[in-house]
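Understanding the architecture of this molecule
Listed here are the chains, written in short residue letters.
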Amino acid sequence: MHNAAFRSLGMDYVYVAFRIRRDQLARAIAGFRALGIVGVNVTRPHKTSILRFLDGIERNAREIGAVNTVVNADGTLRGYNTDGQAAFDVLQGIGGSLSDKKVVILGAGGAARAITHFLSKTVPRISMLNRTRSRGSKLAAEIARRSKAQCRAYGLSKADLRKEVPEADLVINTLPVDIFPRFGAILIQEELIRPGMIVFDANYVHRNDFLVDAERAGATVTDGLEMLVRQAALSFKLWTGREPPIDVMRAAANEAKGGWTA
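With their axes 8 Å apart at the nearest point, helix α4 (residues 83-95) and helix α10 (residues 225-240) run at an angle of 130° to one another. If you check the angle between α4 and α10, you find them oblique. The interaxial crossing formed by α4 with α10 has right-handed handedness. Listed contacts from α10 to D83, Q85, A86, A87, D89 and V90 of α4 are E226, M227, R230, Q231 and L234. Tallied by class, the residues present in the contact of α4 with α10 amount to 5 nonpolar, 2 polar and 4 charged.

With that settled, the discussion passes to the sheet that holds strand β9 (residues 198-201). One open sheet holds the 6 strands; their spatial order is β7-β6-β5-β8-β9-β10, and the pairing between them is parallel. Each end of this open sheet is capped by a strand with a single partner; those strands are β7 (150-154) and β10 (220-222). Taking each pair of neighbouring strands and ignoring which way they run, the sheet shows an average axis angle of 15°. On the sheet, α4 packs against β8 (170-173), β9 and β10 and is oriented at approximately 150° with respect to β9.

A few words now on the packing of helix α5 (residues 110-119) against helix α6 (residues 133-146). The angle between the axes and the distance between the axes are what describe a pair of packed helices. Relative to each other, α5 and α6 sit at 20°, their axes nearing to 10 Å. With respect to each other, α5 and α6 are oriented roughly parallel. Considering only the axes of α5 and α6, their crossing is right-handed. Taken together, the residues of α6 that come into contact with α5 (itself represented by A112, R113, T116 and H117) are L139, E142, I143 and R146. Counted by class, the contact of α5 with α6 contains 3 nonpolar, 2 polar and 3 charged residues.

As for its placement among the helices and strands, A34 is situated in helix α2 (residues 25-35). Judged by relative accessible area, which is 70%, A34 ranks as exposed.

Rules used throughout
- Residues numbered from 1 in each chain as written.
- Predicted model: local features only at pLDDT ≥ 70, side-chain atom pairs only at ≥ 80, totals over all residues.
- Heavy atoms only, no water.
- Axes fitted to C-alpha atoms, helices over the stretch in contact; angles between N-to-C directions.
- Helix = DSSP H or I, 4+ residues; strand = E, 2+ residues; numbered from the N terminus.
- Parallel < 35°, antiparallel > 145°, perpendicular 65-115°, else oblique.
- Left-handed = near helix turned anticlockwise from the far one by under 90°.
- Contact = heavy atoms within 4.5 Å.
- Nonpolar A, V, L, I, M, F, W, Y, C, P; charged D, E, K, R; others polar.
- Pairing = 2+ DSSP bridges.
- Buried < 20%, exposed > 50% of the residue type's maximum accessible area, 1.4 Å probe, protein only.

Dropping the structure here:
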């Protein structure tokens, strides 16, 4: 996706993926700095642990507590988070104004943190459902302190889903692709998805049976591919200072999607 963007603009940049173990993160960051690598995207499991190795952290990333983009400016590393803004832009593009939407979010990990950070500035109510309720409660308390949104945490039992999901205007899944299917099945089997809902699954698997079923139930649905494209476009602009060729990036992502399993 990034390489397609670089080529389309005639830029002499190359985007390369590295697999880095947890115990090698400090050395990897030192290597990026020493080699003058312009920028880095960060994914699980390093989005929070990388914070202590950076020279500066942008305000949104600091409040979210996670970084997915690093800019190297002459050896000074500054961290950003483009996930939340990307998700917000996607949801607003689908649903228009979100100011009156009641939101249910499944999960309380890094993606949920980023998305709720931006949504809480606009929506009146957020319900967080997570397998470990204490983790969801901690995040809900943080969001409530920083915003006017009413934010509450629940477990992920069938009873919790039955109570919270039917009242939602916007249902967002941030649970990993290997965990979500059984909860998605409950949402469909219990007929908790209704016409008029917006349903967003942050995963971007090749085939998403849950979204197919949710659409049949009358919901407006989208997966995480457009969020991936938009966060990449925001990272591209931070690294290069140039407007990203988002159509080129979207086409490259769609072409590659067929070979992805997660």
